[in-house]
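# An overview of the molecular structure
In case you want the letters, here they are:
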Amino acid sequence: MFTIDPHMALPESKISAPAEDTSDDEGCVLPADTMLILQQFLQEKALKERSEEAGTEPAGCFEENWQLSQFWYNEETKQKLALIVKHLQENNDSDTFQVALLSAPSAFKHVVKENKNAMLFEFDERFASYGENFQQYDYNKAFDAGYMDAYAHQFNLVIADPPFLSEECIEKMGVIVKKITKQEGKIVLCSGAVVHYWAKKHFGVSMCEFRPEHERNLGNEFRSYANFDLDSILNKEQ
């Protein structure tokens, strides 16, 4: 569910790499980064096998790409994000309700069932298979003149999941989100608990009780943020 420019260095990882074991009982110790890659491969394999056994498709038929910092939401989280979309559009006074997902591809199939015109903004061009519902983007271009102007003030709801837990990433994503959100639009940010100050500063959102979860365990505490009472919606619909 996260995407990045693969040429950028990761300021802070969203997952915890296994520590190197220096025990004398071990004859061979793999480096931490190699162990991480191996662990992710085995987790992807297990997820795919579980999906095949259940007769379901893993996250939109696409596997996570760890090089793009992608980690798919679990089923409950995808359902809750779709529920937020459903509630907000049912209580919207305008004729149209437009939704944008930024770097959150694993939630797209659930969201588009509630809003057929939902737009996925994603760095990973594999998702171009979604046709007119897909737009390739790069948050690093946030300060480029005219970037994303074609979508200025277009969306009633924007759900964003920045790939990095750094102020630079949060700031650039915030610039894009504010540009494409309507004046009275709603914003949902899914990111680490460590970004709470930057989330308020650059997105104008506050931390919520709702905690998005993933198919694989991440090393950092994950939280949601919004500029509206997101929790009351989820509590009401339970």
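Since we're looking at a predicted model, the values are computed, not measured.

## Considering the nonpolar core
Core analysis: the largest hydrophobic core is formed by 33 residues, its most contacted members being Leu81, Leu157, Phe228 and Leu230. Breaking this core down by element, the ones donating at least two residues are helix H2 (75–90), strand E1 (99–102), helix H3 (108–114), strand E4 (155–160), strand E5 (181–192), strand E7 (222–226) and helix H6 (230–237). Contact partners of Leu230, with chain neighbours within four places excluded, come to Ile84, Val188, Cys208 and Phe210. Among the nonpolar cores identified, the runner-up in size contains 28 residues, and Phe121, Ala142, Cys169 and Phe203 belong to it.

## Observations concerning the packing of aromatic side chains
With the rule as written, the count across this model stands at seven aromatic pairs. Residues Phe108 and Tyr130 carry aromatic rings whose centres are separated by 4.5 Å and whose planes lie at 20° to one another, so their mutual orientation is stacked. Note that Phe108 is positioned in helix H3 and Tyr130 in the loop between strand E2 (119–122) and strand E3 (134–136), a separation of 22 residues in sequence. Both residues of the pair, Phe108 and Tyr130, belong to the buried class. Within the aromatic cluster, the residues linked to one another by ring pairs are Trp72, Phe108, Phe127 and Tyr130.

## Overview of the sheet that holds E1
Read across the sheet, seven strands follow the order E3-E2-E1-E4-E5-E7-E6 without closing on themselves; strand pairing throughout is mixed. The open sheet has two free edges, formed respectively by E3 and strand E6 (206–207), since each of these has just one partner strand. Bridging between E5 and E7 involves five bridges; their strand directions are antiparallel. Residue Ser191 lies in a different strand from E7, and its bridge partner there is Arg223. H2 rests against E1, E4 and E5 of the sheet, and its axis sits at about 170° to E4. This element, helix H5 (residues 196–203), spans E4, E5, E6 and E7 of the sheet and lies at about 165° to E5.

Calculation notes
- Residues numbered from 1 in each chain as written.
- Predicted model: local features only at pLDDT ≥ 70, side-chain atom pairs only at ≥ 80, totals over all residues.
- Heavy atoms only, no water.
- Core = buried A, V, L, I, M, F, W, Y, C linked by side-chain atoms within 4.5 Å.
- Buried < 20%, exposed > 50% of the residue type's maximum accessible area, 1.4 Å probe, protein only.
- Helix = DSSP H or I, 4+ residues; strand = E, 2+ residues; numbered from the N terminus.
- Contact = heavy atoms within 4.5 Å.
- Phe/Tyr/Trp six-rings, centres within 6.5 Å; stacked < 30°, edge-to-face > 60°.
- Pairing = 2+ DSSP bridges.
- Axes fitted to C-alpha atoms, helices over the stretch in contact; angles between N-to-C directions.

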